[in-house]
Structures are given as structure tokens and as C-alpha cells.
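Working through the structure, step by step
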Amino acid sequence: MSKSEIVTNSTPIIGLSILGQLHLLAELFEQVYVPTAVYQEIVHSDSPRQYGKKELERLVSRGIFTLYNVDNSVMVKKLYGKLHEGELEVIVGAKELDLQFVAIDEHAARTLTKTFLLKPIGTIGILILAKKLNKIEKVKPFLDTLLSNGFHISKKLYQQALVQAGEL
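The structure presented is a predicted model; accordingly, all values stated were derived computationally and were not measured.

Some details on helix H4 (residues 53-61)
- Taken together, the buried positions of H4 are occupied by Leu56, Leu59 and Val60. Burial along H4 is one-sided: seen end-on, the buried residues are contained in an arc of 95°. Away from the buried face of H4 by more than 90 degrees, exposed residues Lys54 and Ser61 are located.
- Against the buried residues of H4 lie helix H1 (10-18), strand S2 (31-35), helix H3 (36-43) and strand S3 (65-68).
- Downstream of H4 by one or two residues, glycine 63 has phi in the positive range, about 80°.

This is how it looks when you write it as C-alpha cells:
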């Protein structure tokens, strides 16, 4: 994958923030877009865990990540229900920007991205790509940290990730 542009959902931002690796998105992709709904979800969250809030605010304010307002809010509203607003803004935003890649973890959202002919990459995929490009040394410690912080990673996915990363 050459340096491309990507639109990201909240879960990859949160996961990479937990790992102290949110900067990887900017290192792996030429441009990182954050839809307004995703930004609002993270920055204005009521959650006691404020994962990603400060990092995302800083990256957007410095122009490293670009805040994106979806033009076709009607499409987002029509599709709302099956997926969250942020996930829908990621998909609609990627189509509006004519991009291929979206950073999204949730299974239903990934399925819909493929319907729209987009290429989803999740938090784990970002870590594997970062290892292949020598941005990180190992994937396993990061997977273990995600698991210990409440991220759901099936045993099968965990094993597949280690195989793809050349660690198993």
C-alpha cells in the first residue's frame, strides 16, 4: 500500500490512542480525515475513559488530521439505524472524497464499506501495516494491551494477526 488517504472511524482512533500510537495513521497515510460525527463522539464523550480525546484535538488543531464535514447528510440520515452516525459519515465521506481506504473495525460497518467498494482496514490491520513498514517492532504486545483494555479480539483474529505479522 503506497501512501494514500484515509477516513477514520472512532474505534481505530481510540485503540491507537490506548496504545500511544495514534501518530501511526499520519505516518502510514498521506492524509487522515476525521468526519465531524467521529470527532464529536470522541472529543465530547461522557465516558469516564477519555481515550483519544486530547490526542485527536491536538492532531486536528495542528492540521495533521483533517476534520471533514460530510456534504450528503441526507444519505447519512437515510442509512442511520443499522450503523452509527460516525460509521456512516466515514463511508459517505470516503465516497465524497473519492478515497479507497477507511479505518473501521466494526464488522457490520466493514461489510457495508465493501458494498460501497471501499477498502476497510482496522486497528489490527494498521498495526500489521506499521510493522511491515518498520514503524513498530512487534504487533503482539499491542494486541495484548488492547485485550487488557477491553477491546474484543477473537482468538481466531488474534492468531491470524500474528501470522500476518510474521510473529507466529
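A few points about the packing of aromatic side chains
- Taken as a whole and assessed by the stated rule, the structure comprises two aromatic pairs.
- Ring geometry for phenylalanine 29 versus phenylalanine 101: centroids 6.4 Å apart, planes at 50°, classification tilted. Here the residue phenylalanine 29 occupies a position in the loop between helix H2 (23-28) and S2, and phenylalanine 101 occupies one in strand S4 (residues 101-103), the gap between them amounting to 72 residues.
- Taken together, a centroid distance of 6.2 Å and an interplanar angle of 75° make the contact between tyrosine 33 and tyrosine 68 edge-to-face. One end of the pair, tyrosine 33, is in strand S2; the other, tyrosine 68, is in strand S3, and 35 residues separate them in sequence. The two residues tyrosine 33 and tyrosine 68 agree in class, both being buried.

Comments concerning the pattern of salt bridges
- The full count for this structure, using the stated rule, is two salt bridges.
- Linking lysine 140 and aspartate 144 is a salt bridge whose minimum nitrogen-to-oxygen distance equals 2.9 Å. Placement of the pair is lysine 140 and aspartate 144 together in helix H9 (residues 140-148), with a separation of four residues, close to one helical turn.
- On the basis of relative accessible area, lysine 140 is assigned to the partly exposed category, the value being 36%.
- Look at aspartate 144 and you get partly exposed, because its relative accessible area is 30%.

So, the packing of helix H8 (residues 123-132) against helix H10 (residues 155-164)
- Between H8 and H10, whose axes approach to 10 Å, the crossing angle comes to 15°. In terms of orientation, H8 lies roughly parallel with respect to H10. Read as a crossing pair, H8 and H10 show a hand that is right-handed. Residues Ile124, Ile128 and Lys132 of H8 pack against Leu157, Ala161 and Gln164 of H10.

Cut-off values and rules
Residues numbered from 1 in each chain as written. Predicted model: local features only at pLDDT ≥ 70, side-chain atom pairs only at ≥ 80, totals over all residues. Heavy atoms only, no water. Buried < 20%, exposed > 50% of the residue type's maximum accessible area, 1.4 Å probe, protein only. Helix = DSSP H or I, 4+ residues; strand = E, 2+ residues; numbered from the N terminus. Arc of directions from axis to C-beta. Contact = heavy atoms within 4.5 Å. Phe/Tyr/Trp six-rings, centres within 6.5 Å; stacked < 30°, edge-to-face > 60°. Salt bridge = Lys/Arg side-chain N within 4 Å of Asp/Glu carboxyl O. Axes fitted to C-alpha atoms, helices over the stretch in contact; angles between N-to-C directions. Parallel < 35°, antiparallel > 145°, perpendicular 65-115°, else oblique. Left-handed = near helix turned anticlockwise from the far one by under 90°.

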